[in-house]
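Breakdown of the fold
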Amino acid sequence: MEKSSLIAQLKNKIPFETKVQFQLRKIKCSSEQNNYFNFNAKEQRIFIFLAADYGNLGDVAITYAQHRFLSNQYPEHQVVEIPISKTLKGIIQLKKVIHKDDIITTVGGGNTGDMYYQIEYFRQLVIQNFPNNPIISFPQTIDFSNTEKGKKRLQKAISVYAEHPKLTLIARELKSYHYYKKYFKNKVLLLPDIVTTLDRSKPEYERNGAIICLRKDKERKLSEQQETELTNYVKERFKKFQYYDTHIGDQGMTMRDKITALFKIWDAFKRTELVITDRLHGMIFCHITNTPALVFLNNNHKIEQSYKWIAHNPRIKLVKKYHVGDIATKINQLSQLPETNKISLVSAYNNFKSMVE
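Let me begin by describing the structure that accompanies this report. Source: prediction; values computed, not measured. (Residues numbered from 1 in each chain as written. Predicted model: local features only at pLDDT ≥ 70, side-chain atom pairs only at ≥ 80, totals over all residues. Heavy atoms only, no water.)

1. Observations regarding the overall build of the chain
Quick note on the threshold: Only DSSP runs of H or I with at least four residues qualify as helices, and only runs of E with at least two residues qualify as strands; both kinds are numbered from the N terminus onward. Only the C-alpha atoms count toward the radius of gyration. The rule for a globule is 2.2 Å times the residue count to the power 0.38. Contacts are residue-level and defined by heavy atoms, with any inter-residue pair within 4.5 Å sufficient. The accessible surface values rely on the Shrake-Rupley method and a 1.4 Å probe; as for residues, cover is taken only from the protein chains in view. As used throughout, the charge tally considers Lys and Arg to be positive and Asp and Glu to be negative, leaving His and the chain termini uncounted. By convention, the charge on Lys lies at NZ, on Arg at CZ, on Asp at CG and on Glu at CD.
Helix and strand counts for the chain come out as 13 helices and 14 strands. For a compact globule of 357 residues, the expected C-alpha radius of gyration is about 21 Å, and the chain comes in at 21 Å, within 12% of that figure. With the C-alpha coordinates of the chain rotated into their principal frame, the extents come out at 60 × 60 × 40 Å. Partitioning the intrachain contacts of the chain with sequence separation of at least 6 by distance along the chain shows that 76% fall at a separation of at least 24. Entry remark: accessible area of the chain is about 17,400 Å², with carbon and sulfur atoms responsible for 50%. Charged side chains of the chain number 55 positive and 36 negative; the gap between the two group centres comes to 4 Å.

Shown next, in the form of structure tokens:
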């Protein structure tokens, strides 16, 4: 066996937590990390840890909406994003200049659990390193598996969270809310995904064709056969169609890259007659752009539960049980619906500041 191959195998056996702790010590000893972030010491500040700088446009939209919301709610504060790829540098630098009145937030999403454990571990590091500051975990879907590893990681999260006296946990749907209340001792709130506070329905465009926005990853529930049936029907029903995933695969995205990609997909949705999706933010993007959508379930509860926030929108149809014979009926129903007016769910956040105090 080649030496390089052996080294790679050994590295793969090192636990993720051990690698992270090593990186933390390395950064502490480095002279290059001192001025990575521009923290304005003269202002009150709100920090957004785990900010998406990668190509999952759902997470990018959460970061964008959270930044925008916090800027509106706390106009006297400087809002600072700490990209998830710079989490460790952000922790080390901020610990040196943190004020007791600074507020820390972590981005919302669907990564509290063991499926995306690296992100959850970073969240726990943030919570552990700033015990004296208010921390708000923006709306999350929580999903620890019933495996031995999942149970162990749940207990670790319970322990870490419990040690922070000023931590507020926000669930983005009812099942996660009950889960938080059952296992965690922290303050728990229930609010919709922060992206639902946006309204991207204007300007309106002429709509043409269909967009297929389906998962290819471990959260997928539709089978290959079902996807093929859907695709074939769309090809027959619409004169034009395109594939458009909410995951574009980029890493280390700049602020300009992120905003450009978001506005591009929202614009594409506003120009189409129908979106077929099994992505949570595919559904939410359709809601905030007032785009008709046929939504299929993924392999956990986040779509079915989150849909309850927007069930009043007749242009979003949730398909709980796949049956190819129903597809044409549902699409025809969507094509006959008038435009709706109520888009943003920002009113759900009206008392946010008093809720998290």
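2. As for the packing of aromatic side chains
So the rule is basically this: Centre distance within 6.5 Å is the pairing criterion for rings of Phe, Tyr and Trp, where only the six-membered ring of Trp is used; planes under 30 degrees apart are then read as stacked, over 60 as edge-to-face, and the remainder as tilted. Burial classification: accessible surface area is computed with a 1.4 Å probe over protein chains only, and a residue below 20% of its type maximum counts as buried, one above 50% as exposed, and the rest as partly exposed.
Counted by the stated rule, this structure contains 17 aromatic pairs. Their ring planes at 70° and their centres at 5.5 Å tell us that Tyr180 and Phe184 sit as a pair that is edge-to-face. Owing to a relative accessible area of 0%, Tyr180 belongs among the buried residues under this scheme. Given a relative accessible area of 4%, Phe184 falls into the buried group. Taking the centre distance of 5.9 Å and the plane angle of 45° together, the rings of Phe296 and Tyr322 count as tilted. Placement of Phe296 in strand 13 (residues 293-296) and of Tyr322 in the loop between strand 14 (316-319) and helix 12 (324-335) is noted, with a sequence separation of 26 residues between them. The two residues Phe296 and Tyr322 agree in class, both being buried. The rings of Tyr64, Phe263, Trp266, Phe269 and Phe285 are connected pair by pair, giving a single aromatic cluster.

3. Some points on the sheet that holds strand 9 (residues 210-213)
Formally: Pairing between strands is defined by DSSP: at least two bridges between them are needed. An axis is simply a line fitted to the C-alpha atoms; with a helix, the fit covers only the stretch in contact. Between two such axes, the angle follows the N-to-C directions and lies from 0 to 180 degrees.
One open sheet accounts for five strands, arranged 10-9-12-13-14; its pairing is parallel. Edge strands, defined here as strands with exactly one partner in the open sheet, are strand 10 (241-243) and strand 14. Neighbour-to-neighbour, the strand axes of the sheet open up by a mean angle of 15°, direction not taken into account. Across four bridges, strand 13 lies against strand 14 in parallel orientation. Among the inter-strand pairings, Phe296 is bridged to a residue of strand 14, identified as Val319. Across the face of the sheet, helix 8 (residues 224-237) comes into contact with strand 9, strand 10, strand 12 (274-277) and strand 13 while running at roughly 145° to strand 10.

4. What to know about the environment of Val275
Within the fold, Val275 resides in strand 12. The contacts of Val275, once residues within four sequence positions are left out, are Ile211, Cys213, Phe269, Cys286, Thr291, Pro292, Ala293 and Leu294.

5. Points about unusual backbone geometry
Here the bond from Lys202 into Pro203 is cis, since omega is -5°, no more than 30 degrees from zero. Residue placement: Pro203 occurs in the loop between strand 8 (187-190) and strand 9. If you check the backbone angles, Leu50 has positive phi at about 70° while not being a glycine. Looking at where Leu50 falls in the secondary structure, it is placed in strand 1 (residues 44-51). The exposure class assigned to Leu50 is buried, which follows from its relative accessible area of 1%.

6. Concerning the environment of Gly58
Mapping Gly58 onto the fold places it in helix 3 (residues 57-73). Residues Gly58 and Val195, spaced 137 residues apart in sequence, show a C-alpha to C-alpha distance of 8.6 Å. Among residues more than four places away in sequence, those in contact with Gly58 are Thr246, His281 and Phe285.

7. Digging into the pairing of strand 4 (residues 103-106)
Residues Ile103 and Thr105 line one face of strand 4 and the alternating positions Ile104 and Thr106 line the opposite face, and both faces are buried. The pairing of strand 1 with strand 4 spans four bridges and is parallel. Residue pairing across strands places Ile48 opposite Thr105, the latter belonging to strand 4.

8. A short note on the nonpolar core
This is how it is decided: We define a nonpolar core as any set of buried Ala, Val, Leu, Ile, Met, Phe, Trp, Tyr and Cys residues linked to one another through side-chain atoms lying within 4.5 Å.
Formed by 93 residues in total, the largest nonpolar core has its most connected members in Phe49, Phe184, Val195, Trp266, Phe285 and Phe352. Element by element, the count of residues in this core is highest for helix 3, at eight residues. Residues in contact with Val195, not counting those within four places in the same chain, are Ala61, Ile62, Ala65, His281, Ile284, Phe285 and Ile288. In this structure, Leu294, Phe296, Ile327 and Leu334 belong to the second largest nonpolar core, which totals 16 residues.

9. Regarding the environment of Gln251
Looking at the element boundaries, Gln251 is found in strand 11 (residues 247-251). When sequence neighbours within four positions are dropped, the list of residues in contact with Gln251 reads Asp53 and Tyr54.

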